[in-house]
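So you can see what is in the structure, the chains are spelled out below.
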Amino acid sequence: MGTPSPWGMLVLAAALVGLSAPPATYGQPNFIVILADDVGWGDLGANWAETKETPHLDELAAEGTRFVDFHSAASTCSPSRASLLTGRLGARNGVTHNFAVTSVGGLPLNETTLAEVLREAGYSTGAIGKWHLGHHGRHHPSFRGFDYYFGIPYSHDMGCTDTPGYNLPPCPPCPWHSTAARVARKDCYTEVALPLFENVTIIQQPVNLSSLAARYAEEAARFIQRASDSGRPFFLYLALAHMHVPLGVPPPPPASGRGIYGASLREMDALVGWIKRVADSHGKGNTLLWFAGDNGPWAQKCELAGRLGPFVGAWQRQRGGSSAKQTTWEGGHRVPALAYWPGHIPAKRTSHALLSTLDVFPTLVALAGAALPPNRRFDGLDVSPVLFGWSDVGHKVLLHPNSGAAGKDGEIEALRLAQYKAFYTTGGAMACDGSIGPAECHQPPLVFNLDRDIQEQEPLEVASREYQAVLPAVSRAYAQALEDIATDNISVADYSKDPAATPCCDARHVACRCQAPGTRAAVPDRGAEGRATRLCL
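Residues numbered from 1 in each chain as written. Predicted model: local features only at pLDDT ≥ 70, side-chain atom pairs only at ≥ 80, totals over all residues. Heavy atoms only, no water.

Draft legend 1. Layout of the nonpolar core. I32, I34, M268, I275 and F291 are the most contacted members of the largest nonpolar core, which has 55 residues in total. For this core, the secondary structure elements donating two or more residues are β1 (30-36), α2 (55-63), β5 (148-151), α6 (212-230), β8 (234-239), α7 (259-281), β9 (287-293) and β10 (337-340). Take this core: its biggest share by element is 11 residues, from α7. Here M268 is in contact with A36, V39, L57, L240, H242, M243 and F291, once residues within four sequence places are set aside. Formed by 49 residues, the second largest nonpolar core is a distinct cluster that contains L85, L118, A353 and F361. (Core = buried A, V, L, I, M, F, W, Y, C linked by side-chain atoms within 4.5 Å. Buried < 20%, exposed > 50% of the residue type's maximum accessible area, 1.4 Å probe, protein only. Helix = DSSP H or I, 4+ residues; strand = E, 2+ residues; numbered from the N terminus. Contact = heavy atoms within 4.5 Å.)

Below is the structure:
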């Protein structure tokens, strides 16, 4: 891990994209959606003064709009991404928990993705980064509306690498020989190396985590350049590896504040700043850039987890467990979010509208002049009036599903109604100390007034006037939401597993390496694509 930072590669990428490219001439805007992984609300300096590692994101906030009441649709990977790309909760689109390395299925094929709608509307579509919505057969992103894909099929802790990075507890590198010692821990994947795809081709297995951020930046710049050259508007979905463990950065100097996590946060910040500059170089004002998190920090990773800010879920912490990722506490789903579009989105603005990653789908579809897919209902809203500063009103009701901490996966356990947050089930995910909060059902529900109690510490007394006044509206909203879902066109995801679905570059080699032990490590080049091994789809 002592290798130099790969960001020098971006000098080459700058030459490749041509930073003096002329503005695009089409009427439809370009869209870049950047989704950070396991990032905390307090990991953004503009949100939390203690954070000093995000100057580029803070600049983005100053030149655009910052959303302080913005939520992921779920608080774990696959359901959150499925909802962003469909505008529908997992209770509708069928994705209620994470897919595995051996998963046969993925996001149900009858669900229409944002990429499919935008491509039909004339957009060039690209996905770069983590997918985690199924990699086998037609579930691969190349068959879900994306003209171009470059990235990893699932979380980068779901396969071994030769550069394992920082994790708690640490995992070993990939074995080179079948007789290599195995580490018998369920958290570590030692049998199969993490693959890197370009479209349907595995171009590297295992991935080099130390250079992955630079590779993503380079490929994003290439995609933007190709789309600009074609004269078509583009949609780029950039799903970062940051800030999910393992964190693949060089060791920071001893007096560097937040240590490994801070170094990785700075790397993510630089990547986002780079993407912004590339987009602006192709015509400032032509591209809407939307940055958000997929869920809150993974608290069990201790010092390798992000900052919650004030959203500590104190009621749950008193009973054990984490109130962050996988939970329905604010720390699990309230995420940093920024929108930047010079000349369209007001600068230096802070919005308090209740918004969600669910809103990305209908908003971008509307801005592209396209139509929502028929015969289904959507949980997201077209929030372009909020983006443009014409309104600061978002959702009247926002639903929060279970994402693994307590209860049935995907079940609606909590809801937000104005400043009130009602819990029908509570539970804590694994905390840094190893504790897990027990699942508790609440009838009548626990209700917190977030205007007064953002830490979710003291629920309203059931006998109080305030509770009795708000309970009928909460109960009505909850019942209506469940009825709306039950009568919708609902999909069911296939969560079956088969070892044959594992992405494998060369099954003859240990850990599916793309090269035999003792040979030179594979270094993908542009002329190698035709020689690379294709995944059997």
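Structure shown, so let's carry the discussion forward.
Draft legend 2. Representation of the environment of Q326. Here Q326 is to be found in the loop between α8 (314-317) and α9 (330-333). In contact with Q326, other than residues within four places in its own chain, are S75, N402, S403, G404, A405 and A429.

Draft legend 3. Main features of helix α12 (residues 465-486). Compared with the 32 Å implied by 1.5 Å per residue over 22 residues, the 33 Å span of α12 between its first and last C-alpha is a close match. Of all the bends found along α12, the most pronounced is centred on L471 and spans about 35 degrees, while P472, a proline, follows it within four residues. Taken residue by residue, α12 has Y467, V470, L471, V474, A477, Y478, A481 and I485 as its buried positions. The inward-facing, buried residues of α12 abut α4 (90-93), β13 (397-401), β14 (412-417), β15 (420-426) and β16 (440-449). (Expected span 1.5 Å × (residues − 1). Bend = angle between axes of the 7 residues up to and from the residue.)

Draft legend 4. A look at the side chain of R92. Along the polypeptide, R92 turns up in helix α4. Using a relative accessible area of 3% as the deciding quantity, one classes R92 as buried. Side-chain polar atoms of R92 contact the side chain of D379, separated by 2.8 Å. If near-sequence neighbours (up to four positions away) are discounted, R92 is found in contact with E111, R377, D379, D484, I485, D488, N489, I490 and S491. (Polar contact = N/O pair within 3.5 Å; in protein donor to acceptor, adjacent residues only side chain to side chain.)

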